[in-house]
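Summary of the model geometry
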Amino acid sequence: MRNAFRIAGFVAAALLIAFVTVARGEQNTPKQVVLDDLQKALDNEFNARMRYRAFAEKAIEEGYQEIASLFHAAARAEEVHAGLFMSLSLARGGSGQAVTESVDVKTTRENLARLVAAEKLERDQVYPLFAEHATAAGDKRAADVFEMVRSAEVEHFNLCSEAAADLEKHKGPARTWYVCRGCGYTTPLLPAGKCPICRGSHDDFREVE
Ligand SMILES: [Fe+2]
Ligand SMILES: [Fe+2]
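1. A word on empty space enclosed by the protein
As enumerated under the stated definition, the model contains one cavity of 30 Å³ or more in all. Residue lining of the largest cavity: A48, R51, Y52, E78, L115, A118, E119 and E122, and that is the complete set. Of all the secondary structure elements, the ones that give two or more residues to the lining of the largest cavity are α2 (30-61) and α4 (108-136). The element that contributes the greatest number of residues to the lining of the largest cavity is α4, accounting for four residues.

What follows is the structure, encoded as structure tokens:
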């Protein structure tokens with residue numbers, strides 16, 4: 001009986017805290033929403049980087065060297081994204097610290113399916129919503145970065161989808177990828193001119209294998 005009272009008391013306290021948080025509108029100002037989004041984006045990209053790295057190890061173990069190269073390149077791109085969000089967060093009073101989570105590694109086939117779903121979510125929902133919030137807050141720089149990162153994630157979605165569609169076709173040796181230091185654009189062919197996403201210089205691309 002005493003336990004039941006204790007649980008009821010805990011639930012009531014939690015509801016009160018939730019009510020007070022909603023009632024205090026200042027916690028949800030447009031600027032605060034952008035700061036929260038930047039934190040979520042930083043956590044998201046940092047953990048995506050860890051996930052791609054861990055999945056690359058699994059791919060090598062399973063004989064998918066070519067897929068591992070793609071994962072290494074995508075990990076480098078997510079690192080670029082995490083850096084962008086960290087800078088924006090710090091400049092707006094955020095902690096700039098990512099909240100990390102452990103990686104659950106499955107088979108390469110399953111890992112790819114989860115990556116496709118995650119990249120799709122970022123492409124279609126997460127970053128469009130964050131860009132909308134930043135625009136509403138008058139934070140053009142943050143809105144532009146959310147849009148730019150979304151464009152790079154479109155490529156990740158396409159590349160992972162293509163690999164997932166015919167995994168055995170991608171059992172070849174490791175290959176070279178090029179990743180833009182400005183926006184994380186990931187491509188198997190070094191662009192002759194500027195980066196198609198951020199218009200950065202040709203020299204901004206780094207080779208990853
Ligand atoms: Fe990605
Ligand atoms: Fe770029």
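Following the structure, the description resumes.
2. Looking at the coordination of the iron ion (ligand 2)
Distances from the iron ion (ligand 2) to its protein donors, C180 (SG), C183 (SG), C195 (SG) and C198 (SG), fall at 2.3 Å. For the iron ion (ligand 2), the four donor atoms are set out with angles of 101 to 116 degrees between them, so the coordination reads as tetrahedral. Donor residues for the iron ion (ligand 2), ordered by position in the chain, follow C-x2-C-x11-C-x2-C. Note that C183 is positioned in the loop between β1 (177-180) and β2 (186-187) and C198 in the loop between β2 and β3 (205-208), a separation of 15 residues in sequence. Residue class for C183 comes out buried when judged on its relative accessible area of 0%. The partly exposed category is assigned to C198, whose relative accessible area is 24%.

Definitions and limits used
Residues numbered from 1 in each chain as written. Chains lettered and ligands numbered in written order. Predicted model: local features only at pLDDT ≥ 70, side-chain atom pairs only at ≥ 80, totals over all residues. Heavy atoms only, no water. 1 Å grid on protein atoms, 1.4 Å probe; cavity = no way out; pocket = protein on both sides within 12 Å on 5 of 7 lines; lining within 4 Å. Points joined across faces, edges and corners; volume = space filled by probe spheres on them. Helix = DSSP H or I, 4+ residues; strand = E, 2+ residues; numbered from the N terminus. Donors = N, O, S within 2.8 Å, 3.2 Å for Na, K, Ca; no water. Tetrahedral: all angles 85-135°; square planar, octahedral: opposite > 155°, others 65-115°. Buried < 20%, exposed > 50% of the residue type's maximum accessible area, 1.4 Å probe, protein only.

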